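If you want the building blocks of each chain, they are given just below.
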Amino acid sequence: MKNIVLLISGRGSNMEAIVHACAREGWPARIAAVISNKATAAGLAFAAGHGIPTAVVDHKGFDSREAFDAELARVIDGFAPDVVVLAGFMRILTEGFVRHYEGRLLNIHPSLLPAFPGLHTHQRAIDAGCKVAGATVHFVTPELDHGPIVAQAVVPVQPDDTEESLSARVLSQEHLIYPQAVRWLVEGALSVDPQGRVSHRQGQAQAVFKA
Ligand code: GAR
């Protein structure tokens, strides 16, 4: 049984999708904990309601990123994680933290990376006149919203899209690719080549196109 630790900052809908998929599909894994940097994160109630241990490490109580990340890692490591999943965890992480979890730390970002790292991705895609948008699951490296790409989902941008309508379309695909990617990592099905390109050992498709 592998231990999965999920980190959230808010709503936690990706966390919910992963919790449900792990149970429904009988992964060789358990959700060991859900940890938030915000005590008010809505997702904590869902986790507690499903009998999952929760913890809060509030970044506001620390003088530096290094001090916060050190305490966060101490709490995470208390759950003996095999895989650490950033699910809407809105903190920039230090290089030391990222290196500590190298190869077992995943993130989802609501754009087709390497396009639009950072915030306000949907509005930036609309403003740029993009015809497609999407989401990316990637291994985390010290560079923000960067790292070997595990899976992507592609959705159309409609002429009348708003930030809200586009983010909802992308989010529904996030809920498909993120559980899939976490499962692949748990199962040891991913390999990364020297150029940082990720492939699935059995050649499973790593992109979803939603027309
Ligand atoms: C998701 O859209 C996720 O891709 C994004 O935050 C949202 C969290 O929603 N993450 C980032 O922007 C990270 N750079 P959720 O809390 O309902 O899963």
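What you see is a predicted model; the values in this text were computed from it and never measured. (Residues numbered from 1 in each chain as written. Predicted model: local features only at pLDDT ≥ 70, side-chain atom pairs only at ≥ 80, totals over all residues. Heavy atoms only, no water.)

### Topic: the sheet that holds strand 10 (residues 207-209)
Note the following rule: A pair of strands is considered paired only if DSSP assigns at least 2 bridges between the two. For helices the rule is a DSSP run of H or I covering at least 4 residues; for strands it is a run of E covering at least 2, with both sets numbered from the N terminus onward. To get an axis, fit a line to the C-alpha atoms, keeping to the stretch in contact for a helix; angles then go from 0 to 180 degrees between the N-to-C directions. Contact criterion: two residues are considered in contact whenever any of their non-hydrogen atoms come within 4.5 Å of each other.
In space, the eight strands of this open sheet follow the order 3-2-1-4-5-6-7-10, with mixed pairing throughout. Both outer strands of the open sheet, strand 3 (54-56) and strand 10, are each paired with one neighbouring strand and no more. Averaged over all neighbouring strand pairs, the angle between strand axes comes to 15°, with direction disregarded. Across four bridges, strand 5 (residues 105-109) lies against strand 6 (residues 132-139) in antiparallel orientation. Along strand 6, the bridge assignment pairs Asn107 with His138. Together, strand 1 (2-8), strand 2 (29-36), strand 4 (83-86) and strand 5 form the strand contacts of helix 1 (residues 13-25), whose direction differs from that of strand 2 by roughly 165°. Relative to the sheet, helix 6 (residues 163-186) contacts strand 1, strand 2, strand 4, strand 5, strand 6, strand 7 (149-156) and strand 10, its axis offset from that of strand 7 by approximately 155°.

### What about the site of the ligand?
Using the following cut-off: Neighbouring residues are identified by heavy atoms, a residue being near a molecule or strand if any of them is within 4 Å of it. Distance and chemistry together define a polar contact, namely a pair of N or O atoms within 3.5 Å, with one atom able to donate a hydrogen and the other to accept it when in protein, and with adjacent residues in sequence counting only for side-chain atoms on both sides. Areas reported here follow the Shrake-Rupley algorithm with a probe of radius 1.4 Å; residue values treat only the protein chains shown as occluding.
In the vicinity of the ligand, the contacting residues are Arg11, Gly12, Ser13, Asn14, Gly88, Met90, Ile108, His109, Pro110, Asp145, Leu171 and Glu174. One of the side-chain N or O atoms of Arg11 is found 2.5 Å from an oxygen atom in the ligand. Between an oxygen atom of the ligand and a main-chain N or O atom of Gly12, the distance comes to 2.7 Å. Summarising the interface, the protein chains cover 87% of the accessible area of the ligand, which totals 440 Å² for the free molecule.

### A short note on the layout of surface pockets
Cut-off, in case you're wondering: Here a cavity denotes grid points, spaced 1 Å and computed from the protein atoms alone, that fit a 1.4 Å probe unable to get out, and a pocket denotes an open set having protein on both sides within 12 Å along at least 5 of 7 lines; residues with an atom within 4 Å of a point are the lining. Grid points are joined across faces, edges and corners, and a volume is the space filled by probe spheres set on the points. Amino acids are sorted into nonpolar (Ala, Val, Leu, Ile, Met, Phe, Trp, Tyr, Cys and Pro), charged (Asp, Glu, Lys and Arg) and polar (every other residue, Gly among them).
By volume, the largest pocket amounts to about 990 Å³. For the largest pocket, the lining is made up of 38 residues, of which Gly88, Met90, His109, Pro110 and Leu119 are closest to its centre. Elements with a contribution of two residues or more to the lining of the largest pocket: helix 1, strand 5, helix 5 (121-127) and helix 6. No other element matches helix 6, which puts five residues into the lining of the largest pocket. Partitioned by chemical class, the residues of the lining of the largest pocket number 16 nonpolar, 15 polar and seven charged. Put simply, the second largest pocket is a space of about 190 Å³. Considering the residues around the second largest pocket, the lining is formed by 15 residues, among which Glu102, Gly103, Phe139, Leu185 and Val192 are closest to the centre. Looking at the lining of the second largest pocket, the elements that each hand over two or more residues are helix 4 (95-100) and strand 8 (190-192). With three residues, strand 8 is the single largest residue contributor to the lining of the second largest pocket.

### Details of the nonpolar core
Definition in use: Throughout this description, the term nonpolar core refers to a set of buried Ala, Val, Leu, Ile, Met, Phe, Trp, Tyr and Cys residues connected via side-chain atoms within 4.5 Å. Categorising residues by exposure relies on relative accessible area from a 1.4 Å probe, with only protein chains included: less than 20% of the type maximum marks a residue as buried, more than 50% marks it as exposed, and the intermediate range marks it as partly exposed.
Residues Ile4 and Val150 are the most contacted members of the largest nonpolar core, which totals 43 residues. Considering each element in turn, this core owes the most residues, nine residues, to helix 6. Other than its neighbours up to four places away in sequence, Ile4 contacts Trp27, Ala29, Arg30, Ile31, Ala32, Ala33, Val83, Val85, Val182 and Val186. Membership of the second largest hydrophobic core comes to 21 residues, among which are Ala55, Phe97, Val98 and Leu105.

### As for the pairing of strand 7
Burial runs high along strand 7: six of the eight residues are buried. Pairing of strand 6 with strand 7, which is carried by seven bridges, proceeds in the antiparallel orientation. Each bridged residue has a counterpart across the sheet, and for Gly134 the counterpart in strand 7 is Val154. Pairing between strand 7 and strand 10: three bridges, direction parallel. Within strand 10, the position partnered with Ala153 by the bridge is Val208.

Limitation: the analysis is restricted to geometry and does not speak to function.
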